[in-house]
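Here is what each chain is made of, one letter per residue.
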Amino acid sequence: MALPIAVLAFYGETDTTLIDSLPEVTAAMRTAGIDFPAKVYENAVHAFFTETNAFMYRADAAADSVTRPIAFLARALDCRAPRPGAATRRRGGCASPGV
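Keep in mind it's a predicted model, so treat the numbers as computed, not measured.

**What about the pattern of salt bridges?**
For the coordinates displayed, the defined rule picks out three salt bridges. Between Asp-60 and Arg-58 there is a salt bridge, with its nearest N and O atoms 2.7 Å apart. Across the pair Asp-64 and Arg-68 runs a salt bridge whose closest N-O atoms are separated by 2.8 Å. Of the two residues, Asp-64 and Arg-68 both sit in helix 2 (residues 59–80), four residues apart, roughly one turn of that helix. Among the residues examined, Asp-64 registers a relative accessible area of 22% and is labelled partly exposed. Classification of Arg-68 by relative accessible area gives partly exposed; the value is 31%.

Spelled out as structure tokens, the structure:
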């Protein structure tokens, strides 16, 4: 049985080593059936959320990279782990709490 897997990835646009490999990584994830939303932050370097490094830090990207995983996990966990004891119904192939 295949496990439902999702990977959320953040990239700084100027981190060329990772950006150059992104098309290949995206294709491999697609082939493997893995949900792989990848967010590329414009004009951001690697570790753009490091507040202690003024050269790297990008406040707008950092703020988004904090809130985006919360929405991602809420969606992913709703599909994969209904609350114990909750009635479930099928929605888009996922078990979700009944209404």
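**Let's talk about the environment of Val-66**
Positionally, Val-66 belongs in helix 2. A C-alpha to C-alpha distance of 9.0 Å links Val-66 and Phe-49, two positions 17 residues apart in sequence.

What counts as what
- Numbers given to residues run from 1 along each chain, matching the order in which its sequence is written.
- Residues qualify for local features only when their pLDDT is at least 70, as the model is predicted, and side-chain atom pairs are given and counted only at 80 or more; totals for whole chains, interfaces and linings, by contrast, use all residues.
- Values shown for side chains rest on all heavy atoms present in the structure; no hydrogens or waters enter the calculation.
- Here, a salt bridge means any side-chain nitrogen of Lys or Arg that lies within 4 Å of a carboxyl oxygen of Asp or Glu.
- In this text, helices come from DSSP runs of H or I with a minimum length of four residues, and strands from runs of E with a minimum of two, each type numbered from the N-terminal end.
- Residue burial is assigned from relative accessible area. The probe radius is 1.4 Å, only protein chains are included, and a residue is buried under 20% of its type maximum, exposed over 50%, and partly exposed in between.

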